[in-house]
Amino acid sequence: DTAVSQTPKYLVTQMGNDKSIKCEQNLGHDTMYWYKQDSKKFLKIMFSYNNKELIINETVPNRFSPKSPDKAHLNLHINSLELGDSAVYFCASSQAAYGYTFGSGTRLTVV
Amino acid sequence: DQQVKQNSPSLSVQEGRISILNCDYTNSMFDYFLWYKKYPAEGPTFLISISSIKDKNEDGRFTVFLNKSAKHLSLHIVPSQPGDSAVYFCAASTSGTYKYIFGTGTRLKVLA
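I will try to describe carefully the structure that is included in this document. The structure presented is a predicted model; accordingly, all values stated were derived computationally and were not measured.

About the thresholds
Residues numbered from 1 in each chain as written. Chains lettered and ligands numbered in written order. Predicted model: local features only at pLDDT ≥ 70, side-chain atom pairs only at ≥ 80, totals over all residues. Heavy atoms only, no water. Buried < 20%, exposed > 50% of the residue type's maximum accessible area, 1.4 Å probe, protein only. Helix = DSSP H or I, 4+ residues; strand = E, 2+ residues; numbered from the N terminus. Pairing = 2+ DSSP bridges. 1 Å grid on protein atoms, 1.4 Å probe; cavity = no way out; pocket = protein on both sides within 12 Å on 5 of 7 lines; lining within 4 Å. Points joined across faces, edges and corners; volume = space filled by probe spheres on them. Nonpolar A, V, L, I, M, F, W, Y, C, P; charged D, E, K, R; others polar. Patch = residues over 30% accessible without salt bridge, like charges linked within 9 Å, V, L, I, M, F, W, Y side chains within 5 Å. Areas by Shrake-Rupley, 256 points an atom, 1.4 Å probe, with all protein chains shown as cover. Salt bridge = Lys/Arg side-chain N within 4 Å of Asp/Glu carboxyl O. Phe/Tyr/Trp six-rings, centres within 6.5 Å; stacked < 30°, edge-to-face > 60°. Lys NZ or Arg CZ within 6 Å of the ring centre and 35° of its normal. Disulfide = S-S within 2.5 Å.

**Section: the pairing of strand S2 (residues 10-13) of chain A**
All names here are of chain A.
- Burial along S2 is one-sided: Leu11 and Thr13 are buried, while Tyr10 and Val12, pointing the other way, are not.
- In the sheet, S2 pairs with strand S11 (residues 106-110) via four bridges, with the strands oriented parallel. Each residue of the ladder has a partner; that of tyrosine 10, found in S11, is arginine 107.

Given below as structure tokens:
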């Protein structure tokens, strides 16, 4: 009964591949997010969807494409993976704008 | 341009003593602040929040203080326990924007 679950937990893949990370929340929240934590431990927002509508789209390469089939799901698809994409990606959700519930993260390693 | 800064990457405190974690911000439009705690291989978990209309919020052993004029907030943990050992992130937002800016975290180690 995990509140925000993301899969897979670990992902190792070769440069140039396309991969997806899935996120689901069962909290009934109306907003979902993707954050990236890089090697310097910065947690930076990438995208946010509110009721399936994109509301935040930070300066992220367009190789990254979020998809929200419904308000409980926000998936992240990454095309043509590069070494610099290696990071931990966190999904989160919130009701309105008051604080997030995070998933446990997906560690992506591009080799 | 890092709008939220945690200048101490690590802090060690003896069990039972007070832990004080600091956070500075530069954007005067921020009006809602959060502290998160993160254990290895887990996502950050919400700890405590404060809005800019208050200067203090308390929840059990955790108290957050906000000094708007100095653009500074701090998290006090009293008494510190070994289970508090984790990385603590502060985050700031402007109401209604849905976007939180995170600091880089402070690793707290509570020594038994």
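Now, onward.
**Considerations on the layout of surface pockets**
- Volume-wise, the largest pocket comes out at about 380 Å³.
- As for the largest pocket, its lining consists of 23 residues, of which Gln37, Lys41 and Arg107 of chain A together with Lys38 and Ala41 of chain B are closest to the centre.
- Those elements giving two or more residues to the lining of the largest pocket turn out to be strand S9 (87-94) and S11 of chain A together with strand S9 (86-93) and strand S11 (106-111) of chain B.
- When its residues are assigned to classes, the lining of the largest pocket shows nine nonpolar, eight polar and six charged.

**Structural notes on a nonpolar patch on the surface**
- Together, Ile18, Ile20 and Val78 of chain B line one region of the surface with nonpolar side chains, adding up to about 230 Å² of accessible area.
- Residue classification places isoleucine 20 of chain B among the partly exposed positions, given a relative accessible area of 38%.

**As for the packing of aromatic side chains**
- This model, assessed by the stated rule, comprises 16 aromatic pairs over all chains.
- Where phenylalanine 64 of chain A meets tyrosine 89 of chain A, the ring centres are 6.3 Å apart and the plane angle is 35°; that geometry is what we call tilted. One end of the pair, phenylalanine 64 of chain A, is in strand S7 (residues 64-70); the other, tyrosine 89 of chain A, is in strand S9, and 25 residues separate them in sequence.
- Given the relative accessible area of 6%, phenylalanine 64 of chain A is considered buried.
- Here the aromatic cluster, defined as three or more aromatic residues joined through ring pairs, consists of Tyr33, Tyr35, Phe90, Tyr100 and Phe102 of chain A together with Tyr36, Phe46, Phe89, Tyr100 and Phe102 of chain B.
- Taking the ring centre of phenylalanine 42 of chain A as reference, the NZ or CZ of lysine 44 of chain A above it sits at 5.5 Å.

**Let's talk about the sheet that holds strand S6 (residues 56-59) of chain B**
Residues and elements named next belong to chain B.
- On the basis of which strands lie adjacent, the open sheet formed by five strands has the order S1-S3-S8-S7-S6 and antiparallel pairing. Where the open sheet ends on each side, the last strands, each with one partner, are strand S1 (4-5) and S6.
- Bridge count for strand S7 (residues 62-67) against strand S8 (residues 72-77) is six bridges, and the pairing is antiparallel. Opposite leucine 66, over in S8, you have leucine 73 as the bridge partner.

**Some points on the state of the cysteines**
Residue and element names in this part refer to chain A.
- Summed over the entire model, instances satisfying the criterion amount to two disulfides over all chains.
- The disulfide bridge from cysteine 23 ends at cysteine 91, spanning 1.8 Å between sulfur atoms. Where cysteine 23 bonds to cysteine 91 through sulfur, the torsion about that S-S bond is close to -80°, and the disulfide is left-handed. One end of the pair, cysteine 23, is in strand S3 (residues 19-25); the other, cysteine 91, is in strand S9, and 68 residues separate them in sequence.

**Focus on the pairing of strand S5 (residues 43-50) of chain A**
Residue and element names in this part refer to chain A.
- Judged by how many residues are buried, S5 sits mostly within the fold: seven of eight residues are covered.
- As paired strands, strand S4 (residues 31-37) and S5 are joined by seven bridges and run antiparallel to one another. Each residue of the ladder has a partner; that of tyrosine 33, found in S5, is serine 48.
- Connecting S4 to the next strand, S5, in antiparallel fashion are five residues, including lysine 41 with a positive phi near 75°.
- By the bridge criterion, four bridges tie S5 to strand S6 (residues 53-57) in an arrangement that is antiparallel. Paired with serine 48 across the strands is isoleucine 56, a residue of S6.
- Linking two consecutive strands that pair antiparallel, namely S5 and S6, is a turn of two residues; a positive phi of about 50° is found at asparagine 51 within it.

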